[in-house]
Amino acid sequence: MSDSERNRFSARAARYARVGTNMGGVAARFAASRLLGLALDRNRNASELAAALGGLKGPIMKVAQLMATIPDLLPPEYVEELQKLQSEAPPMGWPFVKRRMAAELGPDWQGKFAEFEHKPAAAASLGQVHRASAHDGERIDAKVRVKSVIFSGQ
């Protein structure tokens, strides 16, 4: 495990700073369009908002998904982008998956599988599914969630 993966606090702080910067940019462009009459590319702004909120995962992403379901709360461009978070959630990175799996199964967790796919088969707001296989050939789905891992056979 690399030092950058071990130092979860600094990685988390950097992620929050990136998201904060992205959210600030979205808000600044929106405010400038309202207060100064500057042109706003609402499609681009909506896409950047969805990307920033989707990168947070967990409850914040759930709020963004909920906002997309409330009629007339947001302009159509924003609703369209936030709805994508319901079916096209961005995946958690491999370093997070490795940390979560090690927390559940110990540091030698990868040796417990014949194969464990790095790329998730599906991703949602609170977790994602990775395909794996046991040493006896049994196919396994590992649902890696923000706070836990759940295994099921296929």
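Quick note: structure is the one above.
All figures in this text were calculated on a predicted structure; none of them were measured in a lab.

Peer 1: Mind laying out the overall build of the protein, listing which residues take part and the relevant values?
Peer 2: Looking only at helices and strands, the protein features six helices and five strands. Listing every helix and strand of the protein by position from the N terminus yields α-α-α-α-α-α-β-β-β-β-β. Classification of the 154 residues of the protein by burial places 34% in the buried group. Partitioning the intrachain contacts of the protein with sequence separation of at least 6 by distance along the chain shows that 44% fall at a separation of at least 24. Here the protein has roughly 9300 Å² of accessible surface; of this, 56% comes from carbon and sulfur atoms.

Peer 1: Describe the packing of aromatic side chains, with residues and values.
Peer 2: Scanning the model with the defined rule gives five aromatic pairs in all. Between Trp109 and Phe116, the ring centres sit 4.9 Å apart and the planes meet at 80°, which makes this aromatic pair edge-to-face. Centroid distance Phe113 to Phe116: 5.3 Å. Interplanar angle 65°. Geometry classified as edge-to-face. A network of ring pairs unites the aromatic residues Trp94, Trp109, Phe113 and Phe116 as a single cluster.

Peer 1: Run through the nonpolar core, naming residues and quoting values.
Peer 2: By size, the foremost hydrophobic cluster in this structure holds 13 residues, and its most contacted members are Val97, Met101, Trp109, Phe113 and Phe116. Secondary structure elements with two or more residues in this core: α6 (94-105) and β4 (139-145). At four residues, α6 tops the list of elements feeding residues into this core. Not counting residues up to four positions away in its chain, the partners in contact with Met101 are Gly106, Trp109, Phe113, Phe116, Val144, Val149 and Phe151. In this structure, Leu49, Ala50, Leu53 and Ala68 belong to the second largest nonpolar core, which totals 12 residues.

Peer 1: How would you sum up unusual backbone geometry? Please name residues and give values.
Peer 2: It is generally the case that most residues other than glycine have a negative phi and that most peptide bonds are trans. A positive phi is found at Asp72, a non-glycine position, where the angle reads about 65°. Here Asp72 is to be found in the loop between α4 (58-67) and α5 (76-87). Residue classification places Asp72 among the exposed positions, given a relative accessible area of 79%.

Peer 1: Any chance you could break down the pairing of strand β5 (residues 149-153) for me, citing the residues and the numbers?
Peer 2: With five bridges joining them, β4 and β5 adopt antiparallel strand pairing. Bridge pairing links Ala142 to Phe151 in β5. What sits between β4 and β5 in their antiparallel hairpin is a turn of three residues.

Peer 1: Tell me what's going on with the environment of Pro95, and back it up with residues and numbers.
Peer 2: Looking at where Pro95 falls in the secondary structure, it is placed in helix α6. Measuring from C-alpha to C-alpha, the distance between Pro95 and His118 comes to 10.0 Å, with 23 residues separating the pair along the chain.

Peer 1: With reference to specific residues and values, describe a nonpolar patch on the surface.
Peer 2: A cluster of nonpolar side chains, namely Leu35, Leu36 and Leu38, defines an oily patch on the protein surface of about 370 Å² accessible area. Mapped onto the secondary structure, Leu38 falls in the loop between α2 (8-35) and α3 (42-54). For Leu38, a relative accessible area of 48% puts it in the partly exposed group.

Parameters at a glance
- Residues numbered from 1 in each chain as written.
- Predicted model: local features only at pLDDT ≥ 70, side-chain atom pairs only at ≥ 80, totals over all residues.
- Heavy atoms only, no water.
- Helix = DSSP H or I, 4+ residues; strand = E, 2+ residues; numbered from the N terminus.
- Buried < 20%, exposed > 50% of the residue type's maximum accessible area, 1.4 Å probe, protein only.
- Contact = heavy atoms within 4.5 Å.
- Areas by Shrake-Rupley, 256 points an atom, 1.4 Å probe, with all protein chains shown as cover.
- Phe/Tyr/Trp six-rings, centres within 6.5 Å; stacked < 30°, edge-to-face > 60°.
- Core = buried A, V, L, I, M, F, W, Y, C linked by side-chain atoms within 4.5 Å.
- Pairing = 2+ DSSP bridges.
- Patch = residues over 30% accessible without salt bridge, like charges linked within 9 Å, V, L, I, M, F, W, Y side chains within 5 Å.
- Salt bridge = Lys/Arg side-chain N within 4 Å of Asp/Glu carboxyl O.

Purely spatial values, then, with no claim about function.
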